[in-house]
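Observations on the three-dimensional arrangement
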Amino acid sequence: MSHAVHEFTVEALDWKPYVKPVDMDAATPEQLMALNTTPSNRKISDYVLVLANEPETLNERTPLFNDIMYSEGGLSRGGREIGALAASFVNRCIYCASVHAARYIQLEKRPDVVAEVFKNGLDADLPEFEQALFNFGVDLTAHPDKVGTYQFYHLREIGMDNLQILDLIHAVAIFGWANRLMHTLGEPHRQE
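Residues numbered from 1 in each chain as written. Predicted model: local features only at pLDDT ≥ 70, side-chain atom pairs only at ≥ 80, totals over all residues. Heavy atoms only, no water.

1. Concerning the pattern of salt bridges
Operational definition: Definition used for salt bridges: Asp or Glu carboxyl oxygen within 4 Å of a side-chain nitrogen of Lys or Arg. Secondary structure follows DSSP: runs of H or I at least 4 residues long count as helices, runs of E at least 2 residues long count as strands, and numbering of each begins at the N terminus. Relative accessibility decides the category of a residue: with a 1.4 Å probe and only protein chains considered, values under 20% of the type maximum give buried, values over 50% give exposed, and everything between is partly exposed.
Here the structure, examined in full by the defined rule, presents six salt bridges. Put simply, Arg-80 and Asp-167 hold a salt bridge, and the shortest N to O gap is 3.2 Å. Here Asp-167 lies in helix 9 (residues 162–185) and Arg-80 lies in helix 4 (residues 77–90), a separation of 87 residues in the sequence. Judged by its relative accessible area of 8%, Asp-167 falls in the buried class. Ionic pairing is found between Arg-110 and Glu-130, a salt bridge with its closest N-O pair at 3.9 Å. Highlighted residues: Arg-110 in the loop between helix 5 (94–108) and helix 6 (111–120) and Glu-130 in helix 7 (residues 128–142), separated in sequence by 20 residues. For Glu-130, a relative accessible area of 11% puts it in the buried group. Within the structure, one salt-bridge network assembled from shared partners comprises Glu-7, Glu-11 and Arg-190.

Below, the structure is given as structure tokens:
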């Protein structure tokens, strides 16, 4: 029996949906087409199978997600993961935070950054570049109406250009949306 997880962790978690996922053997042609656009050739997650209940939405969401998180150029993948981690941290999306933390560590080889965020939260003391990305992600998620010149100044001070800033905004924004959706559709559990 698995138990819901309520603390931030880098361990791999399962996500147990409240809504019935699409059964691949009973999926409609539209659902199968929408599922074809998923970003990996691994097992399709229960989250994506739940989203496949609305294939038109999944058809729009997946290419957008893929462009935001995997496109070449602009902000590094690790930088995008820090932005997504910040959004997931503010929204207390334990599942997404664990995924982004693990990916950041895999990409950047910096477990100390994630450990500091999980230990000290919004008071985390990070290296300058990561601090700027994390702070921006926190601000954009918690107070989007107050993001302006001050926040952009700090991103420019660490050397970010327009494309990198846009990539960061997109990574934070898509996970602001995804976190809230995941909360209403299921909850994280320890893997069995």
